[in-house]
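Results of the structural survey
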Amino acid sequence: MADKNEWGSNLSFILAMIGSAVGLGNIWRYPYVLYSNGGGAFYIPYIVAILLMGIPFLILEYGVGYNFKSSFAKAVKRINSKWEYLGWFLPVAVFMIMIYYSAILGWDGIYMILSFFKGWGADPNTYFTATLLQSSESMNGMFHFIPLIAVAMLVGWVIIWFISHRDLEAGLGKVSKILVPALFIIMVIIVGFSLTLPGASIGLAELFHPDWSLLGKFEIWMAAFGQIVFSLSLGMSIAFTYASYTKDDSDLITNTISIALANSLFENFAALGVFSILGYMSLQSGTAVSDLVTQGTGLVFIVYPTVFNVLGQWAYVLGPLFFLTVYLAGLTSILSTIEPLSFSIQNKFALSRKRTMTILIIVGAAVSMIYATAYGSSILGFVDTFINQIAILFGVIMECIIFAWIFKADKLVDFLNSRSKTIKLGKWWIVVVKYILPIFVAIVWIGGMIDVIKVGTNDQLIFTLVSAIILIVATLIFTLLPAKNPEWENADERV
Ligand code: PFF
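Sequence order as written defines the numbering, with residues in each chain counted from 1. Predicted model: local features are reported for residues with pLDDT of at least 70 only, side-chain atom pairs are reported and counted for 80 or more only, and whole-chain, interface and lining totals are derived from all residues. Only heavy atoms go into the side-chain values, all of them from the structure, while hydrogens and water stay out.

Within the protein chain, the secondary structure is distributed over 21 helices and zero strands. As defined in this context, the radius of gyration uses C-alpha atoms, and a globule is described by 2.2 Å times the residue total to the power 0.38. Computed over C-alpha atoms, the radius of gyration of the protein chain comes to 22 Å, within 12% of the 23 Å expected from 2.2 N^0.38 for 495 residues, which places it in the range of a compact globule. Taking the principal axes of the C-alpha coordinates as reference, the protein chain spans close to 65 × 50 × 50 Å. Relative accessibility under 20% of the residue-type maximum defines a buried residue, over 50% an exposed one, and the middle range a partly exposed one, all with a 1.4 Å probe and only protein chains included. Expressed as a percentage of the 495 residues in the protein chain, the buried residues total 61%. Two residues form a contact once any of their heavy atoms are found within 4.5 Å. Counted over contacts in the protein chain with a minimum sequence separation of 6, partners at least 24 positions apart contribute 86%. Surface accessibility in these figures is a Shrake-Rupley result with a 1.4 Å probe; residues are shielded only by whichever protein chains are displayed. For the protein chain, the accessible surface area stands at approximately 19000 Å², while carbon and sulfur atoms represent 69% of it. For the purpose of counting charges, residues Lys and Arg are taken to be positive, whereas Asp and Glu are taken to be negative. His and the chain ends are not included. A charge is said to be at NZ when it belongs to Lys, at CZ for Arg, at CG for Asp and at CD for Glu. Averaging the coordinates of the 27 positive side-chain charges in the protein chain and doing the same for the 28 negative ones gives two points 9 Å apart. Only DSSP runs of H or I with at least four residues qualify as helices, and only runs of E with at least two residues qualify as strands; both kinds are numbered from the N terminus onward.

The structure is reproduced here in structure tokens:
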């Protein structure tokens, strides 16, 4: 019998990891990043980023997680007890992602229903911003509650609770084995259909048309590294936690390569689908692809409904399938965002998985209601920028220092190699994780901060500050509360 916090099989681990990696970033972010950073030429920095950062860093995070077989906070405390707060910082930051991700999931749930009767009407832009979100530019919008969004979000929280409060394999393991393959199959159907649409080739030619001149530009290299951090959920303590749940005989290097490959395959596939659809739309409407292309909520909730409006009967099949894909991708990612904090709390305060999950989900659902207001989508943008561009990258740099330098990544090499049936790690890996990675991430981090300060409005700065205070205070509370578990001080090591 698997322990409450142990995968039943290696397959559950890999599929849950792929579920976490494959998310909204693959569907709504990557196609745009590829297009706006040199098209076909972007593949060079992209592949370099995967080989130089994605895979080496995942191996580090998995390796250390596997070694400790305990939560992130507990392992960091064990590595250096003065640094326990760094062990809480990332899990709390990732839990903050969970809270706003639930709003996007809620919006998508509403669109899934609307897509059966094109309920967004003739003007999807007005529907999304004015009718559904009732978006307000003013902070007073926080006091204008939108019940429909709240209900949709709460449905998501109930689904999350239903899966997460069970033992790991009975909940997340089992669900990943069903939902992740389902996600890939539905995606193949959607993309296959999109490729047959008239005009698809116009979109694809536009997407892949390589602009080699951009290769010399710093920004496209940064875009590639930023995309890989986000898309593979690097350094978020998720990979660490998932690896700590594995059994003793896992081949972590081969697993890492499979996960990185599956993630890239999915996002490149998504790009084919998105640009075929944009090519079709361009042909129908006479608008250039470059004027249609966008990312984020604009792509999913405005451009896609606009396309479905001109697609005729097929839209009633493609629409629900598309919003279902986004829902599944979002759900399998959001399920991973609660694990690091939950496991850390279970370890320190000797609470059961069931009880910890239930408490965290109630707190998360209550706080998330701030996003069910007319100012919610603006707050979501501010918090997302803060967490992704500032907080997480800071955590990633710290994680590199703690794992590669203080824990000494060198210790893991022999052990990881002895299990690996494919690639063996050499000296190059140590150089990458100790030097190249932290330096690159630090550059991306500084770039992101300058961006926020330069282009940030007053409201954005206020919410950045509030989010930072919440993150720091919550981190301190978890660190300072006395441990209830006598085992908190000892973490067993497997290597
Ligand atoms: N990797 C996910 C994506 O590409 O959409 C996003 C994500 C999931 C970010 C989980 C953060 C996280 F904790």
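This part covers the pattern of salt bridges. Each reported salt bridge corresponds to a side-chain nitrogen of Lys or Arg within 4 Å of a carboxyl oxygen of Asp or Glu. Counted according to the given criterion, the structure contains ten salt bridges. Between K77 and E489 there is a salt bridge whose closest N-O contact spans 3.9 Å. In this pair, K77 sits in helix α4 (residues 72–79) while E489 sits in the segment after α21 (458–480), placing the two residues 412 residues apart along the sequence. Classification of E489 as exposed rests on a relative accessible area of 53%.

On to the packing of helix α5 (residues 84–114) against α21, then. To obtain an axis, a line is fitted to C-alpha atoms, over the contacting stretch when the element is a helix, and the angle between two such axes runs from 0 to 180 degrees between their N-to-C directions. It is at 8 Å that the axes of α5 and α21 come closest, and there the two elements cross at 130 degrees. Taken as axis vectors, α5 and α21 run oblique relative to one another. Seen from above, α5 lies across α21 with right-handed handedness. Contact with α5, carried on its side by E84, Y85, W88, F89, V92, A93 and M96, involves S467, L471, A474, T475, F478 and T479 of α21 and no other residues of that element. Residues are sorted three ways: Asp, Glu, Lys and Arg are charged, Ala, Val, Leu, Ile, Met, Phe, Trp, Tyr, Cys and Pro are nonpolar, and all the rest, Gly among them, are polar. Its residues assigned to classes, the contact of α5 with α21 comprises nine nonpolar, three polar and one charged. What sets the label is the angle itself: under 35 degrees gives roughly parallel, over 145 gives roughly antiparallel, 65 to 115 gives roughly perpendicular, and the rest give oblique. Left-handed describes a crossing in which the near helix is turned anticlockwise from the far one by less than a right angle; the clockwise case is right-handed.

This paragraph deals with the packing of aromatic side chains. Note on aromatic pairs: the rings of Phe, Tyr and Trp (six-membered ring only in Trp) are paired at centre separations within 6.5 Å, and the planes decide the class, stacked below 30 degrees, edge-to-face beyond 60, tilted for the rest. Scanning the entire structure with this criterion turns up 43 aromatic pairs. Plain terms: the ring middles of W7 and Y245 are 5.8 Å apart, the flat faces sit at 75 degrees to each other, and that makes the pair edge-to-face. One end of the pair, W7, is in the segment before α1 (10–21); the other, Y245, is in the loop between α11 (238–244) and α12 (252–285), with 238 residues separating them in the sequence. The same class applies to W7 as to Y245, namely buried.

Moving on, we get to α12. For α12, which comprises 34 residues, the first-to-last C-alpha distance of 49 Å matches the rise-based estimate of 50 Å (1.5 Å per residue) to within 8%. A large share of α12 lies buried, amounting to 24 of its 34 residues. Helices are assigned an expected span. That span is 1.5 Å times one less than the residue count.

Another point: the site of the ligand. By convention in this text, a residue qualifies as near a molecule or strand provided that one of its non-hydrogen atoms is within 4 Å of it. For the ligand, the set of nearby residues contains 16 residues, the closest of which are L24, G25, F230, S231 and S233. A 3.5 Å cut-off defines polar contacts: any pair of N or O atoms within that distance qualifies, except that in protein one atom must be a possible hydrogen donor and the other a possible acceptor, and neighbouring residues in sequence count only when both atoms are side-chain atoms. Contact distances for the ligand include 3.0 Å between a nitrogen atom and a backbone N or O atom of S231. A distance of 3.0 Å separates a nitrogen atom of the ligand from a polar side-chain atom of S233. Taking 340 Å² as the accessible area of the ligand by itself, protein coverage stands at 100%. Of the residues contributing to the shell around the ligand, the split by class is eight nonpolar, eight polar and no charged.

A few words now on a nonpolar patch on the surface. Taken together, the side chains of F218, W405, I406, V431, Y435, I439 and I443 present a nonpolar region at the surface, about 640 Å² in accessible area. Counting residues per element, the ones that place at least two in the nonpolar patch are α18 (376–406) and α20 (427–455). Residue contributions to the nonpolar patch peak at four residues, all from α20. Here F218 is to be found in helix α10 (residues 218–231). Patches were defined on residues exceeding 30% relative accessible area and lacking a salt bridge, with like-charge contacts within 9 Å and nonpolar side-chain contacts (Val, Leu, Ile, Met, Phe, Trp, Tyr) within 5 Å.

The end-to-end C-alpha separation of helix α14 (residues 296–310) is 21 Å, in line with the 21 Å expected for 15 residues at 1.5 Å each. Throughout, the bend at a residue refers to the angle made by two axes, fitted to the seven residues ending there and to the seven starting there. Taking the largest bend as the criterion, α14 deviates by roughly 25 degrees, centred on V303, and proline P305 comes between one and four positions later. Counting buried residues along α14, eleven of its 15 residues qualify, which places the element largely inside the surrounding structure. Along α14, the residues classified as buried are G296, G298, L299, V300, F301, I302, V303, Y304, P305, V307 and F308. Against α2 (24–36), α5, α6 (124–132), α12, α13 (289–292) and α15 (315–337) lie the buried residues of α14. Count one or two residues on from α14 and you reach G312, which has phi positive near 70 degrees.

Look at K118: it is not a glycine, yet its phi comes out positive at around 45 degrees. Considering the arrangement of structural elements, one finds K118 in the loop between α5 and α6. K118 sits in the buried class, given a relative accessible area of 16%. Residues other than glycine seldom take positive phi values, yet S237 does so here, at roughly 70 degrees. Structurally, S237 can be placed in the loop between α10 and α11. Relative accessible area serves as the criterion here: at 0%, S237 is assigned to the buried category.

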